[in-house]
Amino acid sequence: MLPQILWNSWRIHDFLTELLKRHGGTGEFMGPWFTKMNYMITSDPINVHHIMSKSFDNYVKGPEFREIFQEAFGDGIFTVDSDTWKYNRSLLHSLFKQRSFQMFLEKTIQNKVETKLLPILDNNNHVMVVDLQDVFCRFTFDNICSIVMGHDPNCLSIDFPQVACEKAFNEAEESIFYRHIVPKCVWKLQKWLQIGQEKKMVEACETFDQFLFACQVDLLTSLMREQVHDDDKFLRDVAFNLFVAGRDTIASALTWFFWLVATNPLVEAKILEEMKDNNLVGNNNKKGVLCMEEMENLVYLHGAICEALRLFPPIPIERKQAIKADILPSGHRIDPNTVILFSLYAMGRSEEIWGKDCLEFKPERWISERGSIVYVPSYKFISFNAGPRTCLGKDLSFIQMKMVATSILLNYRVQLVEGHVANPSLSIVLLMKHGLKVRIRKREI
């Protein structure tokens, strides 16, 4: 099967979706004996619920996961297990639940939208092609820098400057994805020889570390420092994990959301109609940023964002490793140390979960007859993970996405450049390979 994986690597997520459909949602991947690439792959929500919740203690990130990720992610919340994970999670949970932090986050995002995002889109109105994905990556990078380190690198500027650290993040994530699709012996050899993707990985991590330690310490890192008694490595690892969570996943979600809205004008019209019905459209609102209270009743917008996350989950593959032998609800036997991959991308395209229209962009599927949001269990809609590892920043992510989405849609029409092809990139985060090339038009409402 390895040759098939390599042959289809350019469309790996669609290939896995097709493969899992043929095998009833779960199957074994057996690589050549010398590669040690043997996985159980699933998109079955009952298996996911079993692994992520019911038998949570038996399925961990594991040593192989840490070997692949640790060079960049360190001992952050995404890579560790047991007590270390619990400590990381409790520390971040105590921060995220503070009203003062939520207000700080909202103010930071509002300020960035008003002073940088909207003026830059104004500057490019009718003039030239804009890569909206690049805009979102720069926007979220500046935000997470301001929040985590109290430093705004101003990536999102009129001249679109090259920022080494922002580029380094992309390089590190592509290198980690590369480690998943080639035999361990191959990337280990490249690492030893310092060539190819492994050389890029080392350089990317060095660039990030230099950037981090050159910044001044802010309120967030001061809080962390009090907890761990001046442990610089801990701060570095927390920062990197927060960067990935706060920059790439939100940039990915916004990119695919605007591509879907641009290719579905009826959905765009309904989002605008909803804002109009809530008295959010008018001269007093345009050019501004909606606050949390104003966005509470935007049910259709929430459904549209959920649809984008369903079809294009920012983290398309999740990985676990079994400690003890087990039998999945699907009947598949799991031996100790078996690596299990969940294809979140395939789950979003499963007829068994979402029905015959699963490939359609249909925000209505998230809205009940009473007009409220339909609850979908996290083991079916797993974009924010599931079980005890459910994303701590889920609500904060929705706030940021809605602020950006409403601000842009109220003020502009986003038109795709003719002939632009939207293909997923080969990375651990589901960005677009060639960006999102659009033209910005002033909206007249």
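Further up the page is the structure itself.
Residues numbered from 1 in each chain as written. Predicted model: local features only at pLDDT ≥ 70, side-chain atom pairs only at ≥ 80, totals over all residues. Heavy atoms only, no water.

**Student:** Just to check I follow, could you spell out the packing of aromatic side chains for this structure?
**Tutor:** How two aromatic rings sit relative to each other is set out by the distance from centre to centre and by the angle between their planes. Taken as a whole, this structure holds 25 aromatic pairs when the rule is applied. Their ring planes at 35° and their centres at 6.0 Å tell us that Phe141 and Phe211 sit as a pair that is tilted. Of the two residues, Phe141 is situated in helix H7 (residues 132-149) and Phe211 in helix H10 (residues 196-214); the sequence distance between them amounts to 70 residues. Comparing Phe141 with Phe211 shows no difference in burial state: the two are buried. For the pair Trp259 and Phe312, a centre-to-centre distance of 6.0 Å together with 85° between the ring planes defines the contact as edge-to-face. (Phe/Tyr/Trp six-rings, centres within 6.5 Å; stacked < 30°, edge-to-face > 60°. Helix = DSSP H or I, 4+ residues; strand = E, 2+ residues; numbered from the N terminus. Buried < 20%, exposed > 50% of the residue type's maximum accessible area, 1.4 Å probe, protein only.)

**Student:** Please explain the packing of helix H12 (residues 232-262) against helix H15 (residues 299-311) as it appears in this structure.
**Tutor:** Interhelical geometry of H12 versus H15 gives an angle of 110° and a closest axis separation of 9 Å. What the angle tells us is that H12 and H15 run roughly perpendicular. Residues Ala253, Phe257 and Leu260 of H12 pack against Leu301, Ala304, Ile305, Ala308, Leu309 and Leu311 of H15. Looking at side-chain class alone, the contact of H12 with H15 contains nine nonpolar, no polar and no charged residues. (Axes fitted to C-alpha atoms, helices over the stretch in contact; angles between N-to-C directions. Parallel < 35°, antiparallel > 145°, perpendicular 65-115°, else oblique. Contact = heavy atoms within 4.5 Å. Nonpolar A, V, L, I, M, F, W, Y, C, P; charged D, E, K, R; others polar.)

**Student:** What should I look at first to understand the pairing of strand S10 (residues 437-442) in this one?
**Tutor:** As defined by bridge partners, strand S4 (residues 130-131) adjoins S10 across two bridges and the pair is classed as antiparallel. Bridge assignment links Val130 to a residue of S10, and that residue is Val438. Alignment of strand S9 (residues 412-416) against S10, held across five bridges, turns out to be antiparallel. Among the inter-strand pairings, Leu416 is bridged to a residue of S10, identified as Val438. (Pairing = 2+ DSSP bridges.)

**Student:** Is there a simple way to explain the sheet that holds strand S5 (residues 317-322) in this structure?
**Tutor:** In any sheet, the strands associate via hydrogen bonds between backbone groups, in a parallel or an antiparallel arrangement. Spatially, S1-S2-S8-S5-S3 is the arrangement adopted by the five strands of the open sheet, whose pairing is mixed. One side of each edge strand has no neighbouring strand; the edge strands of this open sheet are strand S1 (26-30) and strand S3 (59-60).

**Student:** What is the right way to look at helix H5 (residues 82-96) in this model?
**Tutor:** Two residues of an α-helix separated by three or four positions point the same way, owing to the 3.6 residues in each turn. For H5, with 15 residues, the first-to-last C-alpha span of 21 Å sits near the 21 Å given by 1.5 Å per residue. Within H5, the full set of buried residues consists of Trp85, Asn88, Arg89, Leu91, Leu92, Leu95 and Phe96. Along the axis of H5, the buried residues cluster in a sector spanning 160°; they form a single face. Residues Ser82, Asp83 and Lys86 are exposed on H5 and point more than 90 degrees away from its buried face. (Expected span 1.5 Å × (residues − 1). Arc of directions from axis to C-beta.)

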